[in-house]
Amino acid sequence: MRLYKLMLLTIVLVLAGCSTSNGKKEPTTMNEQMIQAAERGEIAVLKKLIKDGADMNAKDSRGRTPVMAATHRNQVESVKVLIEAGADINERDDRSDNPFLYAGAEGLLDILKLTIDAGADPTLSNRYGGTALIPAAERGHLAVMEELLKRSKVNVNHVNNLGWTALLEAVVLGSGGETHQRAVQLLVDYGADVNIPDKDGVTSLAHAKKRGYKEIEAILVKAGAR
């Protein structure tokens, strides 16, 4: 009887481990395989799954499509293959991100370029109600900012749910250093309204003065800030 119980326990443990080799559930459907292949940059597998009819816009438990999963890992070639095959780049995940918005926020320039070329909607907003430009300005992703301002129709004066424009975020959440000075100048050069205040009526100029950001203060005053 004891031997029988040990054998039974062994069978249960083996069966429990069959679905995983590393603690993670293995993909069981073509759609799951597609998301995993996109995320890992397995291009040959990805192309075969597309050819075999896997759903390019299927979602995982986080609401991510294959192209969004690829974006999270900065898998540029995966994103390119999926876009060329017709993936919906505007579809947002459970955090209201899509490849365009995420690439803007994280500074993923190559993916951002692909999404702009594919006609990404620049009016869609993230979970904070902001465009791709706002977090890019906050984080000083200068090349991304320039790409957005030059090649997309993103609204430079869009106000997010916090009451901040890209300019306000660059000042309020930026370091005041050279990178954010250049970010502010770039926004000004592309038509940012320097006198839009935050929810409390405080302007970018007032925020710059409070923080002692002399160089940014000078840029704003030259642009007509009051």
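Residues numbered from 1 in each chain as written. Predicted model: local features only at pLDDT ≥ 70, side-chain atom pairs only at ≥ 80, totals over all residues. Heavy atoms only, no water.

Q: Is there a simple way to think about the overall build of the protein in this case?
A: Regarding its fold elements, the protein presents 13 helices and 0 strands. Written out in order from the N terminus, the α and β elements of the protein read α-α-α-α-α-α-α-α-α-α-α-α-α. Looking at the 226 residues of the protein, the share that counts as buried comes to 44%. When contacts within the protein are restricted to residue pairs at least 6 apart in sequence, those whose partners lie at least 24 apart make up 66%. Element-wise, carbon and sulfur atoms account for 50% of the exposed surface of the protein, whose accessible area totals about 11,900 Å². (Helix = DSSP H or I, 4+ residues; strand = E, 2+ residues; numbered from the N terminus. Buried < 20%, exposed > 50% of the residue type's maximum accessible area, 1.4 Å probe, protein only. Contact = heavy atoms within 4.5 Å. Areas by Shrake-Rupley, 256 points an atom, 1.4 Å probe, with all protein chains shown as cover.)

Q: How should the pattern of salt bridges be read in this particular structure?
A: Counted under the stated rule, the structure contains 11 salt bridges. In this structure, R73 engages E39 in a salt bridge whose closest nitrogen and oxygen atoms are separated by 3.9 Å. Placement of R73 in the loop between α4 (66-72) and α5 (76-84) and of E39 in helix α2 (residues 30-40) is noted, with a sequence separation of 34 residues between them. Of the charged contacts in the structure, one is a salt bridge between D60 and R64, with a shortest N-O distance of 2.8 Å. Note on R64: relative accessible area 4%, which makes it buried. Beyond isolated ion pairs, a larger network of salt bridges with shared partners links E39, D60, R64 and R73. (Salt bridge = Lys/Arg side-chain N within 4 Å of Asp/Glu carboxyl O.)

Q: I'm lost on the packing of helix α9 (residues 142-151) against helix α11 (residues 178-189) in this one. Help?
A: Two quantities define a packed helix pair, namely the angle between the helix axes and the distance between the axes. For the pair α9 and α11, interaxial distance at closest approach is 10 Å and the crossing angle is 5 degrees. The angle between the axes of α9 and α11 places the two elements in the roughly parallel class. Together, L142, M145, E146 and L149 of α9 and T179, R182, A183, L186 and L187 of α11 make up the contact between the two elements. A class-by-class count of the residues in the contact of α9 with α11 yields 6 nonpolar, 1 polar and 2 charged. (Axes fitted to C-alpha atoms, helices over the stretch in contact; angles between N-to-C directions. Parallel < 35°, antiparallel > 145°, perpendicular 65-115°, else oblique. Nonpolar A, V, L, I, M, F, W, Y, C, P; charged D, E, K, R; others polar.)

Q: What is the right way to read the side chain of N160 from this model?
A: Assignment of secondary structure puts N160 in the loop between α9 and α10 (166-172). Residue classification places N160 among the buried residues on the basis of a relative accessible area of 6%. Within the local environment of N160, its side chain forms a polar contact with the side chain of E169, the two groups lying 3.0 Å apart. Setting aside residues up to four positions removed in sequence, N160 forms contacts with Y128, G129, G130, I134 and E169. (Polar contact = N/O pair within 3.5 Å; in protein donor to acceptor, adjacent residues only side chain to side chain.)

Q: Which parts of the structure should I look at to understand the nonpolar core?
A: In a soluble, globular protein the nonpolar side chains are often hidden away together inside. In this structure, L82, L133, M145, L148, V184, L187 and L220 are the most contacted members of the largest nonpolar core, which totals 56 residues. Setting aside residues no more than four positions away along its own chain, L133 makes contact with M145, L148, L149, V154, N155, V156, A166 and L187. (Core = buried A, V, L, I, M, F, W, Y, C linked by side-chain atoms within 4.5 Å.)

Q: Where do I start with unusual backbone geometry in this structure?
A: Phi is positive for N74, which is not a glycine, with a value near 55 degrees. Tracing the sequence through the fold places N74 in the loop between α4 and α5. For N74, a relative accessible area of 38% translates into the label partly exposed. Positive phi is not limited to glycine here, since S96 has a value of about 65 degrees. With respect to the helices and strands, the residue S96 is situated in the loop between α5 and α6 (99-106).

Q: Help me understand the environment of P99, please; the structure alone is not making it clear to me.
A: With respect to the secondary-structure elements, P99 resides in helix α6. Expressed as a C-alpha distance, the spacing of P99 and M68, which sit 31 residues apart in the sequence, is 5.5 Å. Once residues lying within four places of it in the same chain are set aside, the contact partners of P99 are V67, M68, T71, I89, E91, I111 and T115.

Q: What is the right way to look at α9 in this model?
A: A turn of α-helix holds 3.6 residues, and therefore any two residues three or four places apart point the same way. Listed as buried for α9 are L142, V144, M145, E147, L148 and L149. If you follow the buried residues of α9, they end up packed against α6, α7 (109-117), α8 (133-139) and α11.

Q: Would you explain α11 in this entry?
A: With 12 residues, α11 extends 16 Å between its outermost C-alpha atoms, agreeing within 8% with the 16 Å of an ideal straight helix rising 1.5 Å per residue. Among the residues of α11, H180, Q181, A183, V184, L186, L187 and V188 are the ones counted as buried. Downstream of α11 by a residue or two, G191 has a phi angle that is positive, lying close to 95 degrees. (Expected span 1.5 Å × (residues − 1).)

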